[in-house]
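Here's the letter readout for the chains.
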Amino acid sequence: MITLPELPFEEDALEPFLSKETIQYHYGKHHTTYVNKLNELIKGTEHDKMSLAAIISDAGGPVFNNAAQIFNHTFYWKSMTPKKQAPTGKLLVKINNDFGSMEKLKEKFIQAGVSLFGSGWVWLVREPHGQLMIEKTQNAHTPLSAHMIPLFVCDVWEHAYYIDYRNVRLAYLSEFWNHINWEFASKTYDNTDNDIFIGIEPCNDIHDPFCQLLDELQDGDRVTS
Ligand code: MN
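Nothing here was measured: the structure is a model prediction, and the numbers come from that model.

A few points about the confidence of the model for the protein
When pLDDT is averaged across the protein, the result is 88; 85% of the residues are at 70 or more. Scored below 50 in pLDDT, residues 195-202 shows 15 contacts in the model against residues more than four places distant or in partner chains. With pLDDT under 50 throughout, residues 218-225 is counted as low confidence; its partners more than four residues away or in other chains account for 13 contacts.

Description of the packing of helix 5 (residues 102-115) against helix 7 (residues 169-177)
At their nearest, the axes of helix 5 and helix 7 sit 9 Å apart, and the two run at 145 degrees to each other. Of the two possible hands of crossing, helix 5 and helix 7 adopt the one that is right-handed. Every residue of helix 7 that contacts helix 5 at Lys106, Ile110, Gly113 and Val114 is listed here: Arg169, Leu170, Leu173, Ser174 and Trp177. Broken down by class, the residue content of the contact of helix 5 with helix 7 amounts to 5 nonpolar, 2 polar and 2 charged.

Things to note about the sheet that holds strand 3 (residues 149-155)
In spatial order, the strands read 2-1-3; together these 3 strands make up an open sheet with antiparallel pairing. Of all strands in the sheet, those bounded by a partner on one side alone are strand 2 (132-138) and strand 3. The mean inter-strand angle of the sheet, taken between neighbouring strand axes irrespective of direction, is 25 degrees. Bridge count for strand 1 (residues 120-126) against strand 2 is 7 bridges, and the pairing is antiparallel.

Rules and cut-offs
Residues numbered from 1 in each chain as written. Predicted model: local features only at pLDDT ≥ 70, side-chain atom pairs only at ≥ 80, totals over all residues. pLDDT = per-residue confidence, 0-100. Contact = placed C-beta atoms within 7 Å. Axes fitted to C-alpha atoms, helices over the stretch in contact; angles between N-to-C directions. Helix = DSSP H or I, 4+ residues; strand = E, 2+ residues; numbered from the N terminus. Left-handed = near helix turned anticlockwise from the far one by under 90°. Nonpolar A, V, L, I, M, F, W, Y, C, P; charged D, E, K, R; others polar. Pairing = 2+ DSSP bridges.

Next comes the structure, spelled out in structure tokens:
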């Protein structure tokens, strides 16, 4: 049984970037439906007793799609903040090192989002060797499957921006850039700043920073029985 995590902000907290109506639909209808659908699909199966991360790693087809969409949306809410922030510390140094500058990262990120064909997600990730990369994933796909650590993500499915921006994905992405939760991204980066190959499984090692990240993201997802 997987539960819907709470929104980390009020429904109108991101206005005018994202309207209350968008959040109500996106969180209240789309994200909620993925949770309900997944629980329906896994009822009475081996997946019912697994964590969300374990389901994503193990399943295919509709179970994977719904589980991955739950993670992706939970991560998306955590990626945004009402007030403009900037990256700090090690993450800022790493961005300058791997992209050249914040401006170049912004340019690459927005370009990736605009050029993604159809529905999907645009991520800043730390790949297993430590490099920062912009990663595009189609539909429900998630960089967790490739053992990448996400730092933030933008949902570029049309349902994420159509009410507020109609078909103008570029305008949505540009405003998204001003609402990135760099505090969360910097913290995640610091917590996973080591050279160990970090995988999605097993997730029982409390000293594994990736497991800690997933645990934090999965608050309430554990089966309590
Ligand atoms: Mn969405």
